[in-house]
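What the coordinates show
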Amino acid sequence: MLRLKGDIMLEEEIFNKYKVKENTLLDYGFKKEKNKFIFEKKFLNNFLASITIFNNKLEGKVIDLDFNEEYSLFRVKDETSSYANKVKNEYENILLDIRNNCFIEMPFRSWEANEVNTSIKEKYGDDPEFPWSDFNNKDSAVYRDKKTKKWYSLIQYVDINKLDSKKSGKTEIINLKIPSSKYKEDGIYPAYHMNHEKWISVVLDGTLTIKRVMDLIEESHENIVGKEVHTWLIPSTAGNSYFNLEDYFSNKYITWNQSTKVHVGDRVYIYVGAPYSCIMYKCKITKINLPGFYHYKYSMELEVLKKYERGKYNFKLLNKYGVKAVRGPRSIPNELVDLIEIKNK
């Protein structure tokens, strides 16, 4: 098979340091055959992406249905054919969607730490930084706010005995800027190697749910950065049984589900999923904590400010700016905000 980029396959490049979440595969559309998971998707009318996952390793190929044989031209390094590039781009989007829905990034040892890492990236768009090279601290990672450059979280791999004398063994913890006197519950301790009064350590071993850990991270983030005006990226579907999306957004003010901590004045970009997969609307939050509907406790009022050309700010562009998934309300990178705002002045 032809190779890409210095003998690194496209699949290897996209799924490096990612681990499959097998419990998501069947819901996504994979079929299990013995000990393998197989997924097929037709694209560009006459091509078929065939994906196989076995022992956490993903292999893929593209079949030209006109000739019923594998199409590999898009894998040729420095290939400039616009048609081959189009096939590559569509196939790459399929792989990225599988990764975003069925895989988890694995920079850390434990499932909990990696799940927290994924949640932080989705909510704030921040990647872990590993600033220390010495052996004892090489696995320690900090998360800092892009604007202020201040830390709000620190993941470390430590001996649990340093936090709890009744326990032994090494585990991953996350240090957060929250007064240690505020919470007295299993899994939360005065901070390891930081100010015991102002910081806490949360053990990432399943004692606390990921949702609970993320609530604490949000509190730490606010304590560090403050409650400033945020810009949110919120997903929607192209349409459902309740309303027609485009008709709904033709109104000046609309009501929308409120599922995160937002503030009046926050900016909201509405990302519309398949088949469009792009940002289509810009809004501003005018009211919050209104009575909820469906299964939501609260709703919010949005002022619709702008509609964008369909496909202009598509998922592939968002991915280039670090947006790997839009499964729920999340922050949007400042660089992407600047791109959208400057282009639409």
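Please read all numbers here as calculations on a predicted model, not as lab measurements. (Residues numbered from 1 in each chain as written. Predicted model: local features only at pLDDT ≥ 70, side-chain atom pairs only at ≥ 80, totals over all residues. Heavy atoms only, no water.)

1. Comments concerning the pairing of strand 5 (residues 57–64)
Working note: regular strand, side chains alternate between the two faces of the sheet. With eight bridges connecting them, strand 4 (residues 47–54) and strand 5 associate as antiparallel partners. Considered in strand 5, the bridge of Ser50 is made with Lys61. Adjacent in sequence and paired antiparallel, strand 4 and strand 5 are bridged by two residues, among which Asn55 carries a positive phi angle near 55°. In terms of strand pairing, strand 5 meets strand 6 (residues 69–70) through two bridges, oriented antiparallel. Note on strand 6: the bridge partner recorded for Ile63 is Glu70. (Pairing = 2+ DSSP bridges. Helix = DSSP H or I, 4+ residues; strand = E, 2+ residues; numbered from the N terminus.)

2. Overview of the sheet that holds strand 8 (residues 141–144)
Remark on secondary structure: sheet strands pair via backbone hydrogen bonds, oriented parallel or antiparallel. With respect to topology, five strands assemble into an open sheet ordered 8-9-10-12-11, the strand pairing being antiparallel. Edge positions in the open sheet fall to strand 8 and strand 11 (188–190), since each of these has one partner strand only. Going from strand to strand, the sheet's axes swing by 25° on average, the running direction of each strand aside. Here strand 11 pairs with strand 12 (residues 200–203) via three bridges, running antiparallel. What sits directly across from Tyr189, in strand 12, is Ser201. Its contacts with the sheet place helix 4 (residues 111–124) against strand 8, strand 9 (151–159) and strand 10 (170–176), and it is angled at close to 170° to strand 9. Packing of helix 5 (residues 210–225) onto the sheet brings it into contact with strand 9, strand 10, strand 11 and strand 12, and relative to strand 9 it is tilted by some 130°. (Axes fitted to C-alpha atoms, helices over the stretch in contact; angles between N-to-C directions. Contact = heavy atoms within 4.5 Å.)

3. Examining the confidence of the model for the chain
Of the residues in the chain, 94% reach a pLDDT of 70 or more, and the chain-wide mean stands at 88. Of the regions scoring below 50 in pLDDT, residues 1–7 engages in 17 contacts with residues more than four places distant in sequence or in other chains. (pLDDT = per-residue confidence, 0-100.)

4. Focus: empty space enclosed by the protein
Overall, the coordinates contain two cavities of 30 Å³ or more when judged by the stated rule. Estimated volume of the largest cavity: approximately 150 Å³. Secondary-structure elements contributing two or more residues to the lining of the largest cavity are helix 3 (82–102), strand 7 (103–105) and helix 4. The residue inventory of the lining of the largest cavity, partitioned by class, reads four nonpolar, four polar and seven charged. Its boundaries defined by the atoms lining it, the second largest cavity holds a volume of some 60 Å³. In terms of lining residues, the second largest cavity is bounded by Lys123, Tyr124, Glu218, His221, Glu222, His230, Trp232, Lys261 and Ser331. At the level of secondary structure, the elements contributing two or more residues to the lining of the second largest cavity comprise helix 4 and helix 5. (1 Å grid on protein atoms, 1.4 Å probe; cavity = no way out; pocket = protein on both sides within 12 Å on 5 of 7 lines; lining within 4 Å. Points joined across faces, edges and corners; volume = space filled by probe spheres on them. Nonpolar A, V, L, I, M, F, W, Y, C, P; charged D, E, K, R; others polar.)

5. Notes on the layout of surface pockets
The space that makes up the largest pocket amounts to roughly 1300 Å³. Taken together, 40 residues line the largest pocket, and the ones lying closest to its centre are Ser236, Tyr271, Gly273, Ala274 and Val326. Of the residues in the lining of the largest pocket, the class split is 19 nonpolar, 15 polar and six charged. One number sums up the size of the second largest pocket: a volume of about 590 Å³. Lining of the second largest pocket is provided by 17 residues; of these, Lys123, Met214, Ser259, Thr260 and Pro329 occupy positions nearest its centre.

6. Details of the pattern of salt bridges
Applying the stated rule across the entire model yields 16 salt bridges. Where Lys121 meets Glu105, a salt bridge forms, and the shortest distance between an N and an O atom there is 2.8 Å. Taken together, the residues Lys121 in helix 4 and Glu105 in strand 7 connect sequence positions 16 residues apart. According to the relative accessible area criterion, Lys121 is buried, its value standing at 12%. Note that Glu219 is salt-bridged to Lys182, the shortest N-O span being 2.5 Å. Of this pair, Glu219 sits in helix 5 while Lys182 sits in the loop between strand 10 and strand 11, placing them 37 residues apart in sequence. Exposure remark for Lys182: the relative accessible area of 47% places this residue in the partly exposed category. Via salt bridges that share partners, Glu105, Lys121 and Asp127 belong to a single interconnected network. (Salt bridge = Lys/Arg side-chain N within 4 Å of Asp/Glu carboxyl O. Buried < 20%, exposed > 50% of the residue type's maximum accessible area, 1.4 Å probe, protein only.)

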